[in-house]
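Inside the fold
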Amino acid sequence: MHYSKLGSSGLNVSRVCLGSMTWGSQNNQREASEQIDYALAQGVNFIDTAEMYSVPPKADTYGKTEKMLGNWFAANSNKRSDIILASKISGNGIPWIRNGGDITGEWVIKSVDASLKRLQTDYIDLYQLHWPNRTTPHFAKHLPGKISFSDVDAKAHSDQMLEILQALNDCVQAGKIRFCGLSDDTPWGINEYIRLSEKHALPKMVSIQNEFNLLHTKDWPYLIENCIHADIAYLPWSPLGGGVLSGKYLDGKRPEGSRWSIPQRNGILRDKPNVELAVKAYADIAQKHTMTPAQLALAWCDQVDGVTSTIIGATTLDQLTEDINAFKNELTDDALSDIQFVMGQYPSPF
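The sections below set out a description of the structure shown in this document. The shown structure was predicted, so the numbers you read here are calculated from the model rather than taken from an experiment.

1. Points about the overall build of the chain
A count of helical and extended segments in the chain gives ten helices and ten strands. Rg of the C-alpha trace for the chain: 19 Å, near the compact-globule value of 20 Å for 350 residues, within the 12% margin. Seen along its three principal axes, the alpha-carbon backbone of the chain occupies a region of about 55 × 50 × 35 Å. Taking the contacts inside the chain whose residues are at least 6 apart along the sequence as the reference set, 78% of them involve residues at least 24 apart. Accessible area of the chain: about 14,700 Å², with a carbon and sulfur share of 50%.

Set out below in structure tokens:
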């Protein structure tokens, strides 16, 4: 296992980050614990969760993933210091979380305390804002005309961001969190938080996690360049495009228990004709270079300049084994050329 610095935090994290959002819906406690044990045995030291999980989000599973991870910590307290634990406060729009309201300073403190209780730990290494209070070009809103930036009150959002940073600082000073980061944000969000932290001597954001995969490369090059020069760790989530890059949904297949067989809050964003064509082409490249389609997609993510750690998720131990083994693969120039050709044909398939 290889490791990288988590931005300006100084923490060393594995190039593989174990995602947990299926625990509590598609995975039970035994399966979640098996995944953790296996990942640690392979050298993974980075686990990502969120108060919103499991997914798809529902009122009756809110916080369930953190509780399952907390049960593992309770049974393995001697291993807590071996793990870089990341969690997230949910953004607005979910009725059973803060009545759908914005992230505020008060709610940061309340949410940190609630997560610590569910996780059965005294501290969270990386506490992230799951998505901003303003609408951003994520979750298939990145094409022109989907959202407007001109009608955003930047000053009002900046004031909210300052309040959030002050609350995060209170949590850092209290020893409840070590570092803070972003998720589903933009270059403006990154740079405004940096500006505020420098101006007011508050904690600096050390990371951002955004969707990034062979089907969805909007963060390259501008946001990733920003991350590199601002010393912000870039953490791709959904490197398999919600599982579609594994090839399991080709030709209309919907395996029982898979994510596409379960109703999604935002719909199945990636179920588009060009996605099908692109995935078939990537599957052919994987076969040519003697790896699985999932391994090709993960190995590609890992080699992108600026990527710090890729967040993977699995519902079976076999899938997790396949995914972690992908990071042992080094793509040849020939494989990268083949990938570049397909990416040129289908640059933004959903």
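2. Considerations on the packing of aromatic side chains
Evaluation of the coordinates by the stated rule reveals four aromatic pairs. Note on Trp72 and Phe73: the rings are 5.6 Å apart at their centroids and 70° apart in plane angle, and the pair reads as edge-to-face. Both residues of the pair, Trp72 and Phe73, belong to the buried class. With a centroid separation of 5.6 Å and 85° between ring planes, the pair formed by Phe212 and Tyr234 is classed as edge-to-face.

3. A short note on helix H9 (residues 317–326)
Where H9 is concerned, the buried positions are Leu320, Asp323, Ile324 and Ala326. Along the axis of H9, the buried positions cluster into a sector of 145°, meaning they face one direction only. Lining the buried residues of H9 we find strand S3 (16–19), helix H1 (29–41), helix H8 (293–303) and strand S10 (310–312).

4. Describing the pattern of salt bridges
Applying the stated rule across the entire model yields 21 salt bridges. The salt bridge partner of Asp338 is Lys288, with a shortest N-O separation of 2.9 Å. Of the two residues, Asp338 sits in helix H10 (residues 333–345) while Lys288 sits in helix H7 (residues 273–288), which places them 50 residues apart along the sequence. Through salt bridges that share partners, Glu51, Glu66, Arg98 and Arg118 make up one connected network.

5. What about the environment of Gln128?
If you trace the backbone, Gln128 turns up in strand S6 (residues 124–129). A relative accessible area of 0% places Gln128 in the buried class. Measuring from C-alpha to C-alpha, the distance between Gln128 and Asp323 comes to 24 Å, with 195 residues separating the pair along the chain.

6. Here we look at the packing of H8 against H9
Packed helices, taken two at a time, are described by their axes: the angle between them and the distance between them. Between H8 and H9, the least distance of the axes is 8 Å, while the angle of their chain directions is 40°. With respect to H9, the axis of H8 lies oblique. Along this stretch, H8 crosses H9, giving a crossing that reads as right-handed. Contacts between H8 and H9 involve Ala294, Gln295, Leu298 and Ala299 on the former and, on the latter, Glu322, Asp323, Asn325 and Ala326. Residues that form the contact of H8 with H9 fall into these classes: four nonpolar, two polar and two charged.

7. A word on the nonpolar core
The biggest cluster of nonpolar side chains holds 87 residues, and the ones touching the most others in it are Val108, Leu168, Leu215, Leu245, Tyr282, Trp300 and Ile339. Setting aside its immediate chain neighbours within four residues, Trp300 contacts Phe212, Asn213, Leu214, Thr217, Leu331, Leu336, Ile339 and Met343.

8. Focus on unusual backbone geometry
In the segment running from Tyr53 into Ser54, the intervening peptide bond is cis, with an omega of 20°. Note the cis peptide between Val55 and Pro56, where omega equals -5°. As for its position among the elements, Pro56 is in the loop between strand S4 (46–48) and helix H2 (64–75). Look at Asn99: it is not a glycine, yet its phi comes out positive at around 55°. Take Asn99: it is sitting in the loop between strand S5 (84–89) and helix H3 (105–119). Of the residues examined, Asn99 reaches a relative accessible area of 74% and is grouped as exposed.

9. Focus on empty space enclosed by the protein
Taken as a whole and judged by the stated rule, the model has one cavity of 30 Å³ or more. Looking at the largest cavity, its volume works out to about 120 Å³. If you go around the largest cavity, you meet 14 residues; those closest to its centre are Pro132, Asn133, Arg134, Met161 and Tyr193. Put simply, the parts of the chain that give the lining of the largest cavity at least two residues each are helix H4 (154–173) and strand S7 (177–183). Ranked by residue count, the leading element in the lining of the largest cavity is H4, at four residues. Counted by class, the lining of the largest cavity contains eight nonpolar, four polar and two charged residues.

So, how was this worked out
Here, residues in each chain are numbered from 1, in the same order as that chain's written sequence. Given that this is a predicted model, residues contribute local features only at a pLDDT of at least 70 and side-chain atom pairs are listed and counted only at 80 or more, while totals for whole chains, interfaces and linings are drawn from all residues. Computation of side-chain values: all heavy atoms of the structure, hydrogens and water removed. What counts as a helix is a DSSP run of H or I of at least four residues, what counts as a strand is a run of E of at least two, and both are numbered from the N terminus. C-alpha atoms define the radius of gyration in this analysis, and the globule rule sets the expected value at 2.2 Å times the number of residues to the power 0.38. Note on contacts: a residue pair qualifies if any of its non-hydrogen atoms lie within 4.5 Å across the two residues. Only the protein chains shown count as cover for residues, and the accessible areas themselves come from Shrake-Rupley with a 1.4 Å probe. Any pair of Phe, Tyr and Trp rings, taking the six-membered ring for Trp, is counted once the centres come within 6.5 Å. Such a pair is stacked with planes under 30 degrees apart, edge-to-face with planes over 60 apart, and tilted for the rest. When a residue's accessible area, from a 1.4 Å probe over protein chains only, is under 20% of the maximum for its type it is buried; when over 50% it is exposed; and in between it is partly exposed. In this description, the arc belongs to the directions extending from the helix axis to the C-beta atoms. For this analysis, a salt bridge means a side-chain nitrogen from Lys or Arg found within 4 Å of a carboxyl oxygen belonging to Asp or Glu. Axis definition: a line fitted to C-alpha atoms, limited for helices to the stretch in contact. Angles are taken between N-to-C directions and run from 0 to 180 degrees. In this scheme, roughly parallel covers angles under 35 degrees and roughly antiparallel covers those over 145, while 65 to 115 is roughly perpendicular and the rest are oblique. A clockwise turn of the near helix away from the far one marks a right-handed crossing, whereas an anticlockwise turn of less than a right angle marks a left-handed crossing. Think of it as three bins: nonpolar holds Ala, Val, Leu, Ile, Met, Phe, Trp, Tyr, Cys and Pro, charged holds Asp, Glu, Lys and Arg, and polar takes everything else, Gly as well. The set of buried Ala, Val, Leu, Ile, Met, Phe, Trp, Tyr and Cys residues whose side-chain atoms join them within 4.5 Å is what this entry labels a nonpolar core. Within this scheme a cavity is a closed region of a 1 Å grid, computed over the protein atoms alone, that accommodates a 1.4 Å probe without allowing it to escape, whereas a pocket is open but has protein on both sides within 12 Å along at least five of seven lines; lining residues each have an atom within 4 Å of a point. Grid points are joined across faces, edges and corners, and a volume is the space filled by probe spheres set on the points.

Without other data, these values stay purely geometric and don't point to any function.
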